[in-house]
Amino acid sequence: MADDIAKHRAEIDALDERIVALLNERAAHAVAIGALKADGPAYRPEREAQVLRRVAAAGGGPLPGEAIGRVFVEIMSVCRSLEQPLSVAYLGPQGTFSEMALTRQFGASVAAQPCASIDEVFKAAETGGAQFAVVPVENSTEGAVGRTLDLLLATPLKICAEVVLRVQQNLMARRVAMKAIRRVYSHPQSLAQCRQWLSQHLPGAERIAVASNAEAARVAAKEKGAAAIGPEIAAARYGLKLLARAIEDDPNNRTRFLVLGSREAGPSGRDRTSLVMTAPNRPGAVHDLISPFAAHGVSMTRLESRPARTGQWEYFFYVDIEGHQQDANVAESLAEVRGKAPFVKVFGSYPAAVL
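First, a word on scope: everything that follows refers to the structure included in this document. Model, not experiment: these values are computed from the prediction.

## Some details on the overall build of the protein
Counting its regular elements, the protein contains 12 helices and 15 strands. For the protein, the spread of C-alpha atoms along the three principal axes comes to 75 × 55 × 40 Å. By residue count, 45% of the 355 residues in the protein fall in the buried class. Total accessible area on the protein is roughly 17,800 Å²; 54% of this is exposed by carbon and sulfur atoms.

Right, dumping it as structure tokens:
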């Protein structure tokens, strides 16, 4: 058996050398492309989505497609940084699901800028303090993030990508056994998402809401008898041990994030377009506005209304449709909608989430 293991390890060593050589060869091509593009964008979300789909489909071995995709996110992140360093603003602090979404999309080789509010995230990208922004837009159980929807109305930024992240909540503490926990800190939404688990496993522990999961981890790291609920990244940031994984009551809970930038994303082959519109105040107006999508074979995946805050009982209607605005059927449907709606703003077309 020892001889067989030694042979496999020798093969692995040889493969590692080949992998390193190939990675450097890939990086050299990235540098050459960067020189040819001059001032062109280093981050092309449609191109990166195509790469991730292609490598995931080219599997067939023991590695699942998602695992291969995560590896290639980091490969592309490092190669992209050789072309042009990227700065990305996100809703902080460090150790939150927003930071996880940023890393899922851009990899680790970017300058991540945590911001104190969604407003500050938008401002950082709008003023050039960051090249891109990552903001939460909706949760599968809690619904839309209203502030993000409101800010999309006025921003010149365009949606260029999306990230869908499973919300996996974990119980973490520094040096305390489960039975010794007296207080559990977390964001109010995280506490609500783990209500049943807490009632069953920590019925006597006080539940204390704080501003963020990262703040909960920071407090738990300093306080005796305290634990925090949050993402695994928070445990790593604040030196906590995971006492229980995936304690959320709904294992299907997802949060969707948007990536915003100054440039439009090109077609990737599997895209989504987001827009907002208003409807005239008459019976059947909303039906008339969305009917062009059905007429042109465009699937509508989301329709949500929010008050326009005019005091006149007027509403904005937020819509997501499948396809890119450069696709013929999408372009034709949008042209009809513009002819019917008093106000239409297309937030952007972008690749549907891959990982």
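Now that the structure is up, let's keep going.
## Observations concerning the sheet that holds strand β8 (residues 206-209)
Strand-to-strand pairing in sheets goes through backbone hydrogen bonds, with the strands running parallel or antiparallel. Here we have five strands laid out as an open sheet, ordered β8-β7-β9-β6-β10, and mixed in their pairing. Across the chains shown, the open sheet's two edge strands, defined by having one partner strand only, are β8 and β10 (241-244). Ignoring strand direction, the axes of neighbouring strands in this sheet form an average angle of 35°. In this structure, strand β6 (residues 170-173) lies alongside β10, joined through three bridges in antiparallel fashion. Pairing of L171 across the sheet is with A244, part of β10. Running at roughly 160° to strand β9 (residues 226-230), helix α9 (residues 213-222) makes contact with β6, β7 (183-186) and β9 of the sheet.

## Section: the pattern of salt bridges
This structure, assessed with the given rule, holds 20 salt bridges. Residue R70 is joined to E66 by a salt bridge in which the shortest nitrogen-to-oxygen separation is 3.4 Å. Pair noted here: R70 and E66 are both in helix α3 (residues 65-83), with a separation of four residues, about one helical turn. Here R70 falls in the partly exposed class, since its relative accessible area comes to 45%. For the salt bridge of D288 with R282, the shortest nitrogen-to-oxygen distance reads 3.1 Å. The exposure class of R282 is partly exposed, given its relative accessible area of 43%. Look at the salt bridges and you will find they share partners, linking E138, E162, R256, R272, R302, E304 and D320 into a network.

## Quick word on the environment of A228
Looking at the element boundaries, A228 is found in strand β9. Of the residues examined, A228 reaches a relative accessible area of 0% and is grouped as buried. Between the C-alpha atoms of A228 and S190, which are 38 residues apart in sequence, the distance is 10.0 Å. Those residues in contact with A228 that sit more than four places away from it in its chain are N170, L171, M172, Y185, A216, A217 and A220.

## Structural notes on the packing of helix α11 (residues 285-295) against helix α12 (residues 328-340)
Two quantities define a packed helix pair, namely the angle between the helix axes and the distance between the axes. Running from N to C, α11 and α12 cross one another at 165°; their axes reach a closest spacing of 8 Å. Relative to α12, the element α11 is oriented roughly antiparallel. Helix-helix and strand crossings are classified by hand; for α11 and α12 the assignment is right-handed. Of α12, the residues touching α11 (which contributes D288, L289, S291, P292 and F293) are S333, L334, E336, V337 and K340. Looking at side-chain class alone, the contact of α11 with α12 contains five nonpolar, two polar and three charged residues.

## Regarding unusual backbone geometry
Residue P93 is bonded to the preceding G92 through a cis peptide linkage, with omega at 5°. Summarising the element assignment, P93 is placed in the loop between β1 (87-91) and α4 (97-106).

## Remarks on the environment of R80
When you line up the elements, R80 lands in helix α3. In this structure the C-alpha to C-alpha distance between R80 and R44, which are 36 residues apart in sequence, comes to 9.7 Å. Residues within four places of R80 in sequence aside, it is in contact with A42, Y43, E48, L86, Q105, F106 and V110.

## Some words on the packing of aromatic side chains
Inspection of the entire model under this criterion finds five aromatic pairs. Their ring planes at 80° and their centres at 5.0 Å tell us that Y43 and F132 sit as a pair that is edge-to-face. You can see Y43 sitting in the loop between α1 (2-37) and α2 (45-57) and its partner F132 sitting in strand β3 (residues 132-139), a full 89 residues away along the chain. Seen from their ring centres, Y318 and F347 are 6.1 Å apart, and the 25° between their planes marks the pair as stacked.

## Re α2
End to end, α2 covers 18 Å across 13 residues, agreeing with the expected 18 Å (1.5 Å per residue, within 8%). All of the buried residues in α2 are P45, E46, E48, A49, V51, L52, R53 and V55. In this fold, the buried residues of α2 make contact with α1, α3, α4, β5 (158-166) and β15 (344-351).

## Quick notes on the sheet that holds strand β13 (residues 300-307)
The strand order β13-β14-β12-β15 describes an open sheet built from four strands, whose pairing is antiparallel. Bordering the open sheet on either side are β13 and β15, each of which pairs with just one other strand. With strand direction ignored, the average angle separating the axes of adjacent strands in the sheet is 15°. In this structure, strand β12 (residues 271-278) lies alongside β15, joined through seven bridges in antiparallel fashion. Paired with M277 across the two strands is V344, which belongs to β15.

Definitions and cut-offs
- Residues numbered from 1 in each chain as written.
- Predicted model: local features only at pLDDT ≥ 70, side-chain atom pairs only at ≥ 80, totals over all residues.
- Heavy atoms only, no water.
- Helix = DSSP H or I, 4+ residues; strand = E, 2+ residues; numbered from the N terminus.
- Buried < 20%, exposed > 50% of the residue type's maximum accessible area, 1.4 Å probe, protein only.
- Areas by Shrake-Rupley, 256 points an atom, 1.4 Å probe, with all protein chains shown as cover.
- Pairing = 2+ DSSP bridges.
- Axes fitted to C-alpha atoms, helices over the stretch in contact; angles between N-to-C directions.
- Contact = heavy atoms within 4.5 Å.
- Salt bridge = Lys/Arg side-chain N within 4 Å of Asp/Glu carboxyl O.
- Parallel < 35°, antiparallel > 145°, perpendicular 65-115°, else oblique.
- Left-handed = near helix turned anticlockwise from the far one by under 90°.
- Nonpolar A, V, L, I, M, F, W, Y, C, P; charged D, E, K, R; others polar.
- Phe/Tyr/Trp six-rings, centres within 6.5 Å; stacked < 30°, edge-to-face > 60°.
- Expected span 1.5 Å × (residues − 1).

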